[in-house]
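Analysis of the macromolecular model
Take a look at the letters that make up each chain.
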Amino acid sequence: MANSKTKASVEPKKSTQSQVNEFIKAQGSNGATALNIAEHLKFVDDKQDKETRAKALKRVRVLARKACGGASQSRDGRSAIYMIEG
């Protein structure tokens, strides 16, 4: 319940999964790599240590596979490219 001291939030927070879905869809036929998605969600930056960065990228890969309905079918070198058809 909102009162004079608290205000109801205007926009509900989006889940990380829905943010990943929207980002991959927005990339269209080009798709997105796990690093692109992680940078967009601000999960990784240049100042992170290797272990923290690896954990963040693993989390993003799991979310991207859920969004795409399975493993990526295309690659750019070693990086998987995640795409949502339709």
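Residues numbered from 1 in each chain as written. Predicted model: local features only at pLDDT ≥ 70, side-chain atom pairs only at ≥ 80, totals over all residues. Heavy atoms only, no water.

Moving on to the overall build of the protein. Across its full length, the protein holds three helices and two strands. Burial status across the protein gives 24% buried among its 86 residues. Entry remark: accessible area of the protein is about 6,800 Å², with carbon and sulfur atoms responsible for 48%. (Helix = DSSP H or I, 4+ residues; strand = E, 2+ residues; numbered from the N terminus. Buried < 20%, exposed > 50% of the residue type's maximum accessible area, 1.4 Å probe, protein only. Areas by Shrake-Rupley, 256 points an atom, 1.4 Å probe, with all protein chains shown as cover.)

Rolling a probe over the atoms, with the probe sized like a water molecule, indicates the empty space that remains. The volume enclosed by the largest pocket comes to roughly 300 Å³. Counting only elements with at least two residues in the lining of the largest pocket, the list comes to helix 2 (34-40), helix 3 (50-68) and strand 2 (79-81). Within the lining of the largest pocket, the residues separate by chemical class into six nonpolar, three polar and four charged. Quantified by volume, the second largest pocket comes out at close to 150 Å³. (1 Å grid on protein atoms, 1.4 Å probe; cavity = no way out; pocket = protein on both sides within 12 Å on 5 of 7 lines; lining within 4 Å. Points joined across faces, edges and corners; volume = space filled by probe spheres on them. Nonpolar A, V, L, I, M, F, W, Y, C, P; charged D, E, K, R; others polar.)

For the rest of this paragraph, the subject is helix 1 (residues 16-27). With twelve residues, helix 1 extends 17 Å from end C-alpha to end C-alpha; this agrees with the ideal 16 Å at 1.5 Å per step. All of the buried residues in helix 1 are Val20, Phe23 and Ile24. Take helix 1 and look down its axis: the buried residues cluster within an arc of 95°, on one side only. When the buried face of helix 1 is taken as reference, the exposed residues oriented beyond 90 degrees from it are Lys25 and Ala26. Of the surrounding secondary structure, the elements contacted by the buried residues of helix 1 are helix 2 and helix 3. Two residues or fewer after helix 1 comes Gly28, characterised by a positive phi angle close to 65°. (Expected span 1.5 Å × (residues − 1). Arc of directions from axis to C-beta. Contact = heavy atoms within 4.5 Å.)

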